[in-house]
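Below, each chain spelled out in residue letters.
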Amino acid sequence: MNVLAVSLLTWTSLDTWIVVTAALTAMSCAVPGCFLVLRRQSLMGDALSHAVLPGIVLAYLAWNYGRHAGWLATADDGTRQLVLFFGAAVTGVLCALLTEAVRDIGRVEAGAALGVVFTSLFALGLLLVRLFADQAHVDPGCVLYGNLEMVVAVPFGTTGIPLAAATAGAVCLINLLLTAVFFKELQLSSFDPALATSLEIPARLMNYGLMAVTSATVVTAFETVGSVLVLSMLVVPAATALLLTDRLRTVLGLSLVAATAAALLGHSLARLLPWFESAVLGMPHAPDASTSGLMAVAGGLLFVLAWVLGPRYGVLRARRDRLRLRRRIIREDLLGRLYRQEEPRPTTIGLTIPEFASDTQHSPAAIRAALDHLIREGLITARGEDYRLTDSGRHAAVEVVRSHRLWESYLSQEIQVGPQHVHASAEEVEHLLDERLKAELAAQLAHPVEDPHGKAIPGRSGE
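Quantities reported herein were computed from a predicted structural model and do not represent experimental measurements.

K.L.:
Looking at this structure, I do not really get the overall build of the protein chain. What am I missing?
P.N.:
In terms of helices and strands, the protein chain carries 19 helices and 2 strands. In the protein chain, which comprises 463 residues, the share counted as buried stands at 41%.

K.L.:
Is there a simple way to think about the confidence of the model for the protein chain in this case?
P.N.:
Overall, the predicted model of the protein chain reaches an average pLDDT of 83, with 87% of residues at or above 70. Of all secondary-structure elements in the protein chain, the lowest mean pLDDT belongs to helix α7 (residues 140-145), at 57, while helix α17 (residues 391-414) reaches the highest, 92.

K.L.:
Got a minute to help me understand helix α13 (residues 291-309) in this structure?
P.N.:
Spacing of three or four residues puts side chains on the same side of an α-helix, whose turn is 3.6 residues. The end-to-end C-alpha separation of α13 is 26 Å, in line with the 27 Å expected for 19 residues at 1.5 Å each. Looking at α13, one finds that the buried residues are T291, S292, L294, M295, A298, G299 and A306. The arc enclosing the buried residues of α13, seen along the axis, measures out at 155°, which places them on a common side.

K.L.:
Which parts of the structure should I look at to understand the packing of α17 against helix α19 (residues 435-444)?
P.N.:
Think of two packed helices as two axes; the pair is described by the angle between the axes and how far apart they sit. Between α17 and α19, the least distance of the axes is 10 Å, while the angle of their chain directions is 40°. When the axes of α17 and α19 are compared, the pair comes out oblique. For the pair α17 and α19, the crossing hand works out as left-handed. Together, E399, R402, S403, L406, W407, Y410 and E414 of α17 and E435, K438, L441, A442 and Q444 of α19 make up the contact between the two elements. When the residues that make up the contact of α17 with α19 are grouped by side-chain class, the tally is 5 nonpolar, 2 polar and 5 charged.

K.L.:
How should the nonpolar core be read in this particular structure?
P.N.:
Note that soluble globular proteins tend to have their nonpolar side chains buried in a common cluster. Core analysis: the largest hydrophobic core is formed by 47 residues, its most contacted members being C95, M211, M233, L234 and M295. Counting residues per element, the ones that place at least two in this core are α2 (13-38), α3 (44-51), α5 (77-106), α6 (110-132), α9 (183-191), α11 (203-242) and α12 (248-280). Counting residues per element, this core draws most heavily on α11, at 14 residues. What M211 contacts, discounting residues up to four positions off in sequence, is L36, Q41, M44, L48, G92 and A96. A357, L374, L389 and A397 belong to the second largest nonpolar core, which has 20 residues in total.

K.L.:
Help me out: how do you make sense of the pattern of salt bridges in this one?
P.N.:
For side chains bearing opposite charge, pairing can occur when the charged atoms are close. This structure, assessed with the given rule, holds 15 salt bridges. The shortest N-O distance in the salt bridge between R388 and D386 comes to 2.9 Å. Residue classification places D386 among the partly exposed positions, given a relative accessible area of 24%. Within the structure, one salt-bridge network assembled from shared partners comprises R317, R320 and D321.

K.L.:
Help me understand the packing of helix α8 (residues 163-181) against α9 in this model?
P.N.:
At their nearest, the axes of α8 and α9 sit 4 Å apart, and the two run at 75° to each other. Classified by the interaxial angle, the pair formed by α8 and α9 is roughly perpendicular. Contacts between α8 and α9 involve T179, A180 and V181 from the former and F183, E185 and L186 from the latter. In terms of residue class, the contact of α8 with α9 is made up of 4 nonpolar, 1 polar and 1 charged.

K.L.:
Just checking my understanding: could you explain the side chain of H362 for this structure?
P.N.:
Relative to the helices and strands, H362 is located in the loop between α15 (353-359) and α16 (364-376). Of the residues examined, H362 reaches a relative accessible area of 16% and is grouped as buried. Of the polar contacts made by the side chain of H362, one reaches the side chain of D333; its length is 3.0 Å. When near neighbours in sequence (up to four residues on either side) are disregarded, H362 contacts I329, I330, D333, F356, A357 and I367.

K.L.:
I would appreciate a short explanation of the environment of S425 in the present structure.
P.N.:
Along the chain, the position of S425 falls in helix α18 (residues 423-429). A residue is classified by how much of its surface remains accessible, and S425, at 26% relative accessible area, is partly exposed. Through-space distance from the C-alpha of S425 to that of L411 is 9.0 Å; in sequence the pair is 14 residues apart. For S425, the side chain forms a polar contact with the side chain of W407, separated by 3.0 Å.

K.L.:
What is the right way to look at the side chain of D451 in this model?
P.N.:
As for its position among the elements, D451 is in the segment after α19. Judged by relative accessible area, which is 7%, D451 ranks as buried. A distance of 2.9 Å separates a polar side-chain atom of D451 from the backbone nitrogen of H453. Polar contacts involving the side chain of D451 include one to the main-chain amide nitrogen of K455, which spans 2.8 Å. Among residues more than four places away in sequence, those in contact with D451 are R405, E408, S409 and I457.

K.L.:
Just checking my understanding: could you explain α17 for this structure?
P.N.:
Taking 1.5 Å as the rise per residue, α17 with 24 residues should run 34 Å; its terminal C-alpha atoms sit 34 Å apart, in good agreement. In terms of burial, α17 is a largely internal element, 17 of the 24 residues being buried.

K.L.:
How should I be thinking about the pairing of strand β2 (residues 386-389) in this particular structure?
P.N.:
Residue alternation in β2 divides its side chains into a buried set, Y387 and L389, and an unburied set, D386 and R388. Relative to β2, strand β1 (residues 380-383) runs antiparallel, the two being bridged by 4 bridges. Following the sheet pairing, R383 is matched in β2 by D386. In this structure, the hairpin formed by β1 and β2 is closed by a connection of 2 residues, where G384 is found at a positive phi of approximately 65°.

K.L.:
Any chance you could explain a nonpolar patch on the surface here in plain terms?
P.N.:
Taken together, the side chains of L124, L127, L131 and F132 make up a nonpolar region of the molecular surface, amounting to roughly 400 Å² of accessible area. Here L124 shows up in helix α6. What makes L124 partly exposed here is its relative accessible area of 39%.

Reading the values: rules and limits
- Numbers given for residues are sequential positions, taken from 1 along each chain in its written order.
- Side-chain atom pairs in this predicted model are given and counted only at pLDDT of 80 or more, local residue features only at pLDDT of at least 70, and totals for whole chains, interfaces and linings cover all residues.
- Water and hydrogen atoms play no part in the side-chain values, which are based on all heavy atoms of the structure.
- Helix numbering and strand numbering both begin at the N terminus, where a helix is a DSSP run of H or I of at least 4 residues and a strand a DSSP run of E of at least 2.
- To sort residues, take the accessible area from a 1.4 Å probe on protein chains only and compare it with the maximum for the residue type: under 20% means buried, over 50% means exposed, and anything in between is partly exposed.
- Note: pLDDT gives the predictor's confidence per residue, expressed from 0 to 100.
- Multiply 1.5 Å by the residue count of a helix minus one, and that product is the helix's expected span.
- To obtain the arc, one takes the directions from the helix axis to the C-beta atoms.
- For every element, the axis is a line fit to its C-alpha atoms; helices are fit only across the contacting stretch, and the angle between N-to-C directions ranges from 0 to 180 degrees.
- Reported orientations rely on four angle classes, namely roughly parallel under 35 degrees, roughly antiparallel over 145, roughly perpendicular from 65 to 115, and oblique for the rest.
- Crossings are assigned a handedness: left-handed for a near helix turned anticlockwise from the far helix by less than a right angle, right-handed for a clockwise turn.
- The contact definition used throughout considers only heavy atoms, calling two residues in contact when any of these lie within 4.5 Å.
- When residues are sorted by character, Ala, Val, Leu, Ile, Met, Phe, Trp, Tyr, Cys and Pro go into the nonpolar class, Asp, Glu, Lys and Arg into the charged class, and all the rest, Gly among them, into the polar class.
- Residues grouped as a nonpolar core are buried Ala, Val, Leu, Ile, Met, Phe, Trp, Tyr and Cys residues, joined through side-chain atoms within 4.5 Å.
- Any Lys or Arg side-chain nitrogen located within 4 Å of an Asp or Glu carboxyl oxygen qualifies as a salt bridge.
- Think of a polar contact as two N or O atoms within 3.5 Å of one another; within protein, one of them needs to be a possible hydrogen donor and the other a possible acceptor, and neighboring residues in sequence only count if both atoms come from side chains.
- DSSP calls a pair of strands paired once it identifies at least 2 bridges connecting them.
- Two distance rules govern patches: like charges are joined within 9 Å, and nonpolar side chains (Val, Leu, Ile, Met, Phe, Trp, Tyr) within 5 Å, applied only to residues with over 30% relative accessible area and no salt bridge.
- Working definition of accessibility: Shrake-Rupley area with a 1.4 Å probe, residue cover restricted to the visible protein chains.

Laid out in structure tokens, this is it:
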């Protein structure tokens, strides 16, 4: 417990800068990530993080040459970052151009073309490293998980702000400004490139621009959070936001919130991990986990929460909607059955639960609940096990039967389906037709009075 208290109470300025840097990096990735997810190019970020390697190597060699020639300051990290930024952006555009060329000329699927291009560029980058930068020291742990815990070691000038935080903030601001300026073009070219082109919006140029921005963003984030978390930052906040809303502006805003929340929650989990390992798992000497890795875990947890609890596409919402639909279908089936039983001799009919259950796939318990609901709504009356329609119930039943028989007539007249095969389809479609569709069907069929079985099609509201 003491470890838990220490973890919770000893929040320092280092923790604050770690969270700020991680949040700014995640937000800078989330902005282009939203458009990648919308364009179904989610893995493009992973591909670009590898494909930009030759551009980074060439940019690094150019920066190193300029430094030795005396054109650049020896310890100018800002210039180095800018040169790498430019090299990655150019290579990102080159990757997009080559992918399209391989797809169009080679006539291969887009994913296969991307695989060919990014592996080839990555191999070229490795070759360049082997030829010209083989002496460079590369820490595998830094490549995978970044160096987030050491951000304060390299300040931005004399400001005291970590260089990584300043860089990530600048990239995030640039990405937000570009999105604000080209929002309409990005929106149209993402949802319907053909429509965008017809409106003289250069959809292909917007795609190249997005690839360049994504490449530069990935390279900037790569050094701070590593190659594993970059893809998580690009995709997970956007995917989480898309589970909560359909409006693009709101998606962008929620993705920024999700990115910030993942950064804060991830670092908090990293601080609490020693206590968990010691008090819960009995592992006093277990190694600490990196903030970057737990940020990915936190992002995944937020995605699961949105997937389960999302007000629009959440699992619980979907289950509730399916349950409501199932109950409505049972009630409408009951109303339709009572109406059909009234047609030949209105004074001598009724309905029993075992009889209805034997004719349908509904359980007796669900039928009983539906009957109780219809009684409460005043649509039917019950005398023992004998159920009858009220005037209001007959009005509602007419709409169900009218939908059923109009759809049977449509299948018979327009698609030439035999009368013996139209009932099953109509049993399902009768619950989906609204007033507009029923009016359009009636008009297209010249307002039929009988269905293919010779039964009367009731007019609207029992006319």
